[in-house]
Each structure stands twice: as C-alpha cells, then as structure tokens.
Amino acid sequence: MGFRHLFDRHHPHHHHEGCEAWAREAMGIGRGRGFGRGFGDDEGPRSRDGMGGRFRGGRVFGHGDLKLILLALIAEQPRHGYELIRTIEEMFDGAYAPSPGAVYPTLTLLEEMGHASVASGDGKKLYAVTDEGKAFLAANKDAVDAVMSRMQHTAKMFARAAAPMALREAMHNLKRALFMHGGPWNIAEVKRVLGIIQKAADDIAQGNKDA
C-alpha cells in the first residue's frame, strides 16, 4: 500500500476527537495560547508556515511520529534526506516542511536502530528500509495508520489557516485602523464599527455562492 494512499484514506470516526486535539495543539489553538502561536517539528524548532516563512513553538508531530513517517517513506522507495523533506511538504501542500535539523538526526537514529540502511553516492546519502525496518512497520501498522490520520487532519487545518498574504495584510490594516481610530469610542461609534466588521465577517463566512 502506497504512503500517499495511507495519507488519503479515511479512518474510523473514533479517531476524530484525538486527531482534532492533536491538530489544534500543533497549531497553537486552545489552552489559552491563542491561534497562530506557531508550529514546530517533532525534534526540531523550525517549520514552514503557509506563506513559506518560518515560525516557532508547538509541535506538528508527536513524539516518535516523524520516525514512523520517514521509515514508511523509505519503505516505499529509497530516498535522499532532502527528498523526504520535500515529500512531506507536498503532503501539506506547501504549508509545512520539517527542518533538516529534525529529519537528518531521525534518519541517523533509524540507521542506528537497524531499520534503515545508507548508501553514499555523489556526496548524497540514500536511505532505504532494511528487513528489520519492514518487520517493524508491519508490527506497528496501527500506529502508522494513526499517524497518517492525524497528519491528514492537521494538513487540512493548515490549509484553512494559510490565508494569502494579501488577506493577511488586509487583516493587519483592519487592526491598525481600530488602534488608530481618531474619534471617541462612544456607544454609537462602537455600534457603527461593530456593524461594519460583523457584516464583513458574515459575507466572508458565506463565501462566493456564485462560484
């Protein structure tokens, strides 16, 4: 079964609540932290946001998840470290990529565990799964499926959160306009501005019905 198929397949409903909590934690939602505090790697501090930039904090993968993902990827076919990073980034539609500082130490660990072998050529290391690695994946199939389910759910949340830069600038301009409001915030003015914002929010939430 291909890794992409594992990522795209549907999983039982009883996993949903766990996936939701896992994804919300990865995106910095809940526990009083607020939205957008940042995402991170399984074992590294940097990740890529929906605008192609970097942000800090939080976790995208739970402890040990990245090991399973990388092992499953090289079980499909031998891959270079850079190729593994790009493959995961494609699964998130460019909204997230694990850092080399997370991926390469994890690959080294897989090699030390006997789950991966390494061949060098053209100055690059090519990682492949060993028989021990294949046996480990088979014995932990439920865990691999669970990781895929969580990653699929998080990728969807990343996509929803990754507003285009123009919209991010528009949101910034709105906040700036509120902070730089020149007149007094009396009841009438609060009601007027609230009406503008609420109407805009309602129009956005309804979407383009003609599309």
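Above this text is the structure in question.
Parameters at a glance
Every chain's residues receive numbers from 1 upward, in the order its sequence appears when written. Since the coordinates come from a predicted model, pLDDT governs what is reported: local features require at least 70, and pairs of side-chain atoms require 80 or more to be given and counted, while whole-chain, interface and lining totals use all residues. No hydrogens and no water enter the side-chain calculation; it runs on all heavy atoms of the structure. By the criteria applied, helices consist of DSSP H or I runs no shorter than four residues and strands consist of E runs no shorter than two, each listed in order from the N terminus. Burial status follows relative accessibility: with a 1.4 Å probe on protein chains alone, a residue under 20% of its type maximum counts as buried, one over 50% as exposed, and anything between as partly exposed. Residue contacts are defined here by distance: any two heavy atoms, one from each residue, within 4.5 Å place the two residues in contact. A 1.4 Å probe and the Shrake-Rupley method give the accessible areas. Residues count as covered only by the protein chains that appear here. For helices, the fitted axis covers only the stretch in contact; all axes are lines through C-alpha atoms, and the angles between them, taken along N-to-C directions, range from 0 to 180 degrees. By the definition adopted for this analysis, an angle is roughly parallel if under 35 degrees, roughly antiparallel if over 145, roughly perpendicular if from 65 to 115, and oblique otherwise. Asp, Glu, Lys and Arg are counted as charged, while Ala, Val, Leu, Ile, Met, Phe, Trp, Tyr, Cys and Pro are counted as nonpolar; the rest, among them Gly, fall into the polar class. Nonpolar cores are built from buried Ala, Val, Leu, Ile, Met, Phe, Trp, Tyr and Cys residues. Side-chain atoms within 4.5 Å join them into one set. DSSP bridges decide pairing: two strands pair if at least two such bridges lie between them. By definition, a salt bridge exists where a carboxyl oxygen of Asp or Glu is found within 4 Å of a side-chain nitrogen of Lys or Arg.

Draft legend 1. Up close: the overall build of the protein. Per the secondary structure count, the protein includes nine helices and five strands. Reading the protein from its N end, one meets helices and strands in the order α-α-β-β-α-β-α-α-β-β-α-α-α-α. Looking at the protein residue by residue over its 211 residues, the buried ones come to 37%. Taking as baseline every contact in the protein between residues at least 6 positions apart, the subset at least 24 positions apart corresponds to 57%. By element, 56% of the accessible surface of the protein is carried by carbon and sulfur atoms, the whole surface being about 12700 Å².

Draft legend 2. Examining the packing of helix α3 (residues 65-76) against helix α4 (residues 81-91) more closely. Two numbers describe how α3 lies on α4: the axes approach to 11 Å, and their chain directions differ by 105 degrees. Between α3 and α4, the crossing angle belongs to the class labelled roughly perpendicular. Counting all contacts with α3, which are made through Leu66, Ile69, Leu70, Leu73 and Ile74, the residues of α4 involved are Leu84, Thr87, Ile88 and Met91. Each residue belonging to the contact of α3 with α4 can be placed in one class, and the counts come to eight nonpolar, one polar and no charged.

Draft legend 3. Molecular detail of the nonpolar core. Core analysis: the biggest nonpolar cluster contains 32 residues, and Phe61, Ile69, Leu70, Ile88 and Phe92 have the highest contact counts within it. Residue assignment for this core shows that the elements contributing at least two residues are α3, α4, α5 (100-112), β5 (124-129) and α7 (141-161). In terms of residues, this core owes the most to one element, α3, which gives eight residues.

Draft legend 4. Spotlight on the sheet that holds strand β3 (residues 79-80). As summarised here, the arrangement of the three strands in space is β3-β5-β4, forming an open sheet in which the pairing is antiparallel. Each edge of the open sheet is held by one strand with a lone partner, namely β3 and β4 (116-121). Two strands pair when backbone bridges link them, and β3 and β5 are joined in this way by two bridges, in the antiparallel orientation. When the bridges of β5 are listed, histidine 80 appears paired with leucine 126.

Draft legend 5. Looking closely at the pattern of salt bridges. Counted under the stated rule, the structure contains seven salt bridges. Put simply, glutamate 83 and arginine 79 hold a salt bridge, and the shortest N to O gap is 3.8 Å. Classification of glutamate 83 by relative accessible area gives partly exposed; the value is 27%. Residue glutamate 189 pairs with arginine 192 through a salt bridge whose shortest N-O separation is 2.8 Å. Taken together, the residues glutamate 189 and arginine 192, both in helix α9 (residues 187-206) and three residues apart, mark about one turn of the helix.

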